[in-house]
Every structure is written in structure tokens, then in C-alpha cells.
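Each chain, written out:
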Amino acid sequence: MVKFLSMFRFLKKFFPFRKRPGIETNRDEPVYEKWIADFTKPNQTHFEIKSEKSYDANAGDPRAPDSLIFSLKKTSCFAWLENPVSRYGDLILEGRISLDSCGGYAATGFIFRMVDESTYYSALVSGKGYFRLDVLRNGAPQTLIGWTEVPGGSALPETGPVFGSVEGLQDNANGVKSFCLTVIAYGSHIVILINSRWAAELHDATISAGRIGFALASYESPGSLVYTAEAFLKELTVESRIAEVEAAYERWSDETAVPVENRLHLAETFAAMGQNAAALVQLKRGWGTSERTDRELLLACRLAFALGLEREAEEYADACISLGTGALRGALAEKARILYTTRRFAELREFGERALEQFSQDAVFDGELLILLGHAYWETGDYEKAAASYDRSFERDGTNGFAAKNAANTWEVLGGKTEALDRYLRGGRAFLTRGNYGDLGTMVPKILSLGAENWEAHALAGKWAFGIEDWAMAKAEFDCSDRLRVYLPVGTESTANHEEPSPEPVASETKTESLDQPVPYLPVGIEGAANHEEPSPDPAVVFLRGLLLLREGKRSEALPFLEKAAAMEPEYPLFRFKVAENRFFLTGDGSDPALRADLDAALTLDGENGWVWNLAAEAALAREDLEGAASSLEKAASLLGEVPAIQVNRAEILARRGSAEEALMLLEAVPGEDPEGIMANCAGNILVREGRFEEAGARYVRALVSSPGNVQYLANRASCLVALSRFGEADEMLTQAHQAGPNPVILELIAYVAAQKGEYRRAETACKAALEIDSNHAPALLTLCGIYAARFRWEEASEILRRLDTLSLDAAAVTRREELRSRLDEALNRRITCASCGRSWQVPRSPPPVKPIRLFAMPPDDLPAGSCPSCGKTWCIGCAKESVDDSGRFRCPECGRSLKLIDQGLKKLINDWAEREIIP
């Protein structure tokens, strides 16, 4: 079995090494010697042994006094210790190594022929029992041998090395693996031995000579230990004398010295890498010393066929079939492909029918063979049998969209348009489930042509358009699908009468909000029932409609769609997660019971999704639950590793705990660690909260270098410039952001900046544009209200305030709303105060005339009694009761003059009371 893992995603993390005083180096001429390292004397090991930020290195440590110990502190990291003393061309490099993966996944081995840190070979053995060989030339990586099972299996037996005895690759009590790794480099020939067993050979002339080094890589780590991986180099021997190297190479070039099983493993690796010729060579060399097995013959057949050697491939297939063993089904399928490729359709019909009679229990085998048999029927003009064969193939293997596509084409030739559309839809769903948008796209024109009045056809076309990021087409097709579904004529049948499982969604390795990336998988969904006037909506379409609204910045309008999709598919975790995520970004309220319920549901359904835990941490941060945030974040980190999103939230927790400087240090990423700029952006946010706007601006600029068109970073940089009163620069930045992705946040900022510059008409236009996207966008409503107030458009400002009163606002928005309300009250009203008790009344500054009324009842004490024409003071009824004359008129307690309701505002107060309490 062959496994592959991309190691070179870590090769950007190089570690420069300074030359240690006292080590003489010769970097020009190759050395011809036999050298045995002595790690009990650190100064004589020839290695540059020193610790760096990402690793520790030492020799003579009490844990292993006879070893060179190399310990990594970071995961997703590849590093080495260099021997700068000698430069070797041809060599035998052999070492006895122990590897502790520290509960994760790691690999160790050698680098050789190293010219500099961007050009070298590396040979590694992993703790899981696989090895690989790679070359890096001028920083460009190339895999020469992908992960391949070590000779003898992953639990290698004890064997002896070339230069002495050594343990096999076996676990000790602590899970440490020990093995002997040998590299023979002779000219362009490279041979790999593990525990003196031949593991691989190849020719590569990329690098002719260079230095050696001890390498260690950490791919995965539980994150709970000091080190992510440790390697112990216990013995090291270098032989570079030409005669010795040549003799070793000749010995291991002898075909009799190599078990055929080892060559088969290497051939399978080469085949998986697409190196078909090299794989076939390994098989043929192995056959020189042993009989051909069915497994080898089947692989040779496939390799020869891929190389265009049909006659040779057929010979291998026939030989495999004649053995009649476990690989028979595969050999029959390969034989059928060869017959089809060589256009021997009559033979293919006879062969396929006979094979199906003999083997009819394997769904995948039957499906493949039935397709080829259908091709044979098609080519010989038997279209009805071809259609039946394709249909049977899809029935046997419903994941193979090509079978349904071929059936649709055939039914269309036969004139069965209804049958053709049904097959196109089924095949399209199969392609969609597998994320095969290319082949689905070739079917979309046919689907829309045959299904112009079919709501499922438009729904499928919309999903395809969404997958290829054609947002306009997706929206148009979803709209059309919904119209046709709602108004489906009675008796029109839906094709969605089948049941399809909803597989688990693929987790996204992006940060929480990831609208700019296509959804990796969506369930096909419920697509209605036959003979129904209005079939049930497709939950996937409902969900995607919500995502389209999110792309337009319409979070409030998107939420009902996301909630409806989650209600229709309550067991589908992606739907619940997106509802929680959108609710959180919409309100920012981590205490929202609905948000917490959706998060709990998502965690219950998909507790191994690190991004759900990351969102839970963000929600806890929003409600200032720092302990809860830290706990959720640790769970997220255990699932995702120390990705930038995790580092950002770690920094937020530190900053909220008052350790802003420590948070900023955590966010200081080395080149390549923050490819999307989110760590730099977070640092800017923290600095803004600290009031350090100049420093924050520099961090936002750094974030924009990583993601030049990121709308959020542009907006943050612009906000920072606004805080520094640099409105012109902010305006330019916001214009860039608006062009990149218009949304209410950007438009509201444009409006604010325009208002600060006195461009009120432009500010008003920007606010209205924001509200067209999201009619309840509170910041835009608040800014628009301020603009109306600045232009004395009091009625329009009052209407905005009434709209704001109906919304659920955060604390900052409530403060702004009340400030605007006070401003409007001051502009539109004045206060009149009782001269005695201080009771006051708010009345309009310019009230309309009030018609005279005659009162036959006493108003309450808190209403005004009137104003004195002489002194001008106003009195309330409660205070003026003590100064009533014989006729029952109120008099001024100071002047004695009769009080009169001279002020129209006071009259209106009395009139409003009378209309409310007395007049029917």
C-alpha cells in the first residue's frame, strides 16, 4: 500500500545556519574519505549544533550521551542540522536513527548533496513506516519517490546495517521508532536501503555534489507537549571513496539481491505518481528472478495501457485472466478497455456479455463493464441495447455520472426526451455530489434545453453556476426554479423520486467567514414528489440563495434562508454552522440564545470540526467569557493546528486580559506564516483599541500586502485614517474597497467620510445605497440621520429615529441613537419651566396655531396654568392654585396679574390634554 503526503508545503520554513568558530570548511572540492561521527565529543561532530527559535539541538545530553538530539518546537515544520565541513559527490551515507513523533506524525532522515538551503536531496523515514525521496533545486521542490511502505512492512524486523549491527524499526515502550537508513549516491544513481533492505533506486542528475545534514519534519502534533518531534542520531558513517561507493552500488544493483515485493511497492508508488515507464521498468526487473503474480500483471497491464502499449497490455491482461485469482475482475475490466480502445467492438460485445454472465455481484465492476458494453452496442448501432446497458450501469453504481450521461445521449437519439432529461438530471446530481463541475458544465446546456419548464433542471443549473462562481447565473436559475416549482402544473411529474444519502460535508481550511471560496459539497437535497402541485423546496437551493445574499452584504435578508435550510435538514451540520456564523456576524451578540442553540447543534452534529469550535470561541469572546473562549479555542487548535485563525483568537484573549504587548508579539508572523494577512489585521485592531492609530495603520498595510483586494482590510485601514483625520486618503481607500466588493459597511464609511468633508449629497447617496443592500443596517441609518440633522431636514431625521427604535441595537448604536434624539429635541423643541417648583414642559419651537377652546374641567396639576404678561414667568397649575381670584382665574403669585396661555406651545399642551381626556 502506498501513501503520499506533500512535504514541501513546509519547505518555505528554512533555517539559516551561521558557521561556528573553530570548524574549518571546504565548500569547493569533494572529499574522499571514510568518516565516523563521534557524538560523545560535541566539538568533533562536524555538525553545527545550536538551538534556534523553532528547534533545540545538542550532543552529549544525559538522555542519550552518545547521540545527536534534534527537537522541533513547531508543527508543520521542516528543519535540519548541517555538516559544513566536507563536500561529497559519490557517497554512502548511513545512520542509526530513533524517532519520537511525540504523539503526532513526523519523519526524519538525511539531506545530501546540499549546495545551499534551496538546493539539496532529502531522504526521510516516517514514524508510520513509510519513506520518501525529494529534491529541491533553486527553491523548486520535486518529489522523486512519494511516501512508500518500508521494506518488510511498517513494523520492520531487526536487521543489520552495512557498517555494523542496528535494531530494526520497532516501537520501544515510549513509542519511539528506531531504524538504520542508508543512502548510496553514485553518479546519477541513488539507492535507498532501510535496515539493509533494498527500498528504492532511481536515476536523477539534478545535483552532483554537496554537503550533508540531519533532517527532521513535523507534520501533525497534539500540541500538548514541549516538542512536536524528536530525532536521535546514534551512529553516522560517511564513505566517499570511489571504489567503496562503486562496490556498494554494484552489490545493490544485482537483481537477485532485491526481493520482487520491494520492487512492486516502488512500482506502485511510481504508478501513483504518474511515472508509468519507471514503474513498468521496476516490475520487469523483478520478473527476472521470480514468477509473475496476478497483482503485478494487473499493474503492468494498466501501466502499459497508460503508455499506449495496447498489445503488451493485452498480453498482461490475458496472462492475469489465465491465473484466475483475486485480480481476475480487474483484468477483465482492463481487457474490455483495451478492446474498446482498439475499436474491436464485436469482440467487446461478446467478451462483455460473457464476463457479465460470469461475474454479476460486484457493483463497481458491473458498472464499468456495462458502460464499455454500452459503447460497443452504440458503435455497432444497437442503440436500444446501448441505452439499457448504460441504465443498468447507473443502477449498479449511482455515483458514476458518466453512465447516466451516456444513457441520456442515447435516449435523446432514440427520441425519448423525457427519459433523456431524467438521465441528465441524475447524472448531473452524481457529478455535483463529487464536485465534478467540469463534466456537469458540459451537460448544463442540454439540461436547460430539455428542461426549460422543469424546476429541477434550473435548480441543478443554479448549483453548477454557484460552484463555478457565476453568481449572476446562479441567482437567475434559482429564481426561475422557484417560479416553476410554485406554479408547477397539476400532473407534471418531478424526477426527484429517488432517495439519495446526504454525506458529511467537507470541512473548509479557511477561517470562519469564507464566502469567497466555493462550497466544497452540498447535499442534493429534497427535490419534491411526483404529481404534486407545489413540490417541497430544495434545501440546498434555499441555503445557496442565502449565501448569495451574504455575498451582497445582505445578512439580514440571508438569515431567513439559512434558517429555513437548517430547519429542512436539521441533521446537516454545515447548515446549522452557517446559521450560527451569520447570526454572530450580524449582531455580534455572543449571548444571543438563538446563536448559542445553533452553535450547540453544530457541535453536536460535527464535534470534530475545528472551525465550529473556533466560532464558539469567538462567540465566547464577544460575551467576555474569556475562560470559555480559551477552552473552545484549545479544542479548535487540537483539530486545526496552530493556523493563523487560532493565533488571532489567542491574541484577542491575551489583549482582553490586559496583555496587549504579549498579544502583539504572538501576532508577529515570520514570512509565509500569515499568507492571508489575518494576523496583521488583528494586530491592527488591537492597536486601534489601544489608541495607537499610526502603528495600527502600518499593520493594516502589512495585511493588505498579503491580500491586496481584501475589502475588510481596506475598510480597517480607512477607519484608521479617519481616526487620524486623514479623510482624503481614507476616501481613496474606501473607493478601492467599494470597487472590490460593495457592501453596507463600506458605503456607510464612505458616507461618514463624505459628511466630514461637507459633501452631504454624496454622503446621503452612499447611505441610501447601503440601505438598498440591507434596509436594517443600523450604522447606515444612524449616519443618514446625522446627515439629515446637519442639513436641518428634521422630519426625515425623525423618521429614521422611529425606524431605529424598532431595531435591536448594540450598546454603541443605542448611544449614537440617543445622542441624535437629543440633538433633534434641542433643534425642534424648547423647554418652559415653572417658576416655583421647576416642573418643565417640552414644546415645539414653531408650533402651529391652536384653535381656542373653552374648558369646563380642571386640568391636572402638572400642566401649565399660564404665563404672567408682566413678569413673563410661567407657573404650573399645582403652584398657581394658591393664587386664584374670586372669579376662579389664576394669578401670578408675584405680580398678581392674571395668567394667560400666551405661548402657542403651552396652548397645545392644554389642547392635547383636552382632546385626549374630555372631548369625545
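Cut-offs and rules
- Residues numbered from 1 in each chain as written.
- Predicted model: local features only at pLDDT ≥ 70, side-chain atom pairs only at ≥ 80, totals over all residues.
- Heavy atoms only, no water.
- Helix = DSSP H or I, 4+ residues; strand = E, 2+ residues; numbered from the N terminus.
- Expected span 1.5 Å × (residues − 1).
- Buried < 20%, exposed > 50% of the residue type's maximum accessible area, 1.4 Å probe, protein only.
- Contact = heavy atoms within 4.5 Å.
- Core = buried A, V, L, I, M, F, W, Y, C linked by side-chain atoms within 4.5 Å.
- Polar contact = N/O pair within 3.5 Å; in protein donor to acceptor, adjacent residues only side chain to side chain.
- pLDDT = per-residue confidence, 0-100.
- Arc of directions from axis to C-beta.
- Salt bridge = Lys/Arg side-chain N within 4 Å of Asp/Glu carboxyl O.

## Some details on helix α28 (residues 760–773)
For α28, which comprises 14 residues, the first-to-last C-alpha distance of 20 Å matches the rise-based estimate of 20 Å (1.5 Å per residue) to within 8%. Within α28, burial applies to A763, E764, A766, C767, A770, L771 and I773. Buried residues in α28 make contact with α16 (555–568), α27 (744–756) and α29 (778–790).

## A word on the nonpolar core
In this structure, F543, L599, L667, I686 and L804 are the most contacted members of the largest nonpolar core, which totals 115 residues. Ranked by size, the runner-up nonpolar core spans 84 residues in total, among them I92, I97, I194 and A200.

## Let's talk about the environment of D100
Counting through the fold element by element, D100 comes out in strand β5 (residues 91–100). As for D100 and S71, which are separated by 29 residues in sequence, their C-alpha atoms are 9.4 Å apart. Here D100 is in contact with V176, A229 and E230, once residues within four sequence places are set aside. Within polar-contact distance, the side chain of D100 engages the backbone nitrogen of C102 at 2.9 Å.

## With respect to the confidence of the model for the protein
A residue-level look at the protein finds 87% of positions with pLDDT of 70 or above and a mean pLDDT of 83. A low-confidence stretch, residues 155–170 stays under pLDDT 50, and its non-local contacts, those more than four residues away or across chains, total 60 contacts. Confidence drops under a pLDDT of 50 for residues 489–532, and excluding neighbours within four residues, the segment shows 107 contacts in the predicted structure.

## As for α16
Along its 14 residues, α16 runs 20 Å from first to last C-alpha, staying within 8% of the 20 Å computed at 1.5 Å per residue. All of the buried residues in α16 are R555, A558, L559, L562, A565 and A566. All buried residues of α16 lie within an arc of 135° about the axis, which places them on one face of the element. In this fold, the buried residues of α16 make contact with α15 (539–551) and α17 (573–587).

## Here we look at the pattern of salt bridges
As enumerated under the stated definition, the model contains 68 salt bridges in all. Its salt-bridge partner being E312, residue K284 comes within 3.0 Å of it at the nearest N-O pair. On the criterion of sequence distance, the pair formed by K284 in helix α3 (residues 276–286) and E312 in helix α5 (residues 310–323) is long-range, its members being 28 residues apart. Residue K284 is classed as partly exposed on the basis of its relative accessible area, which comes to 40%. The residue D482 makes a salt bridge to R545 at a minimum N-O spacing of 3.6 Å. With a gap of 63 residues between them, D482 in helix α14 (residues 471–486) and R545 in helix α15 connect regions that are remote in the sequence. Bridged by salt links that share partners, the residues E314, D318, K335, R344 and E347 form one connected network.

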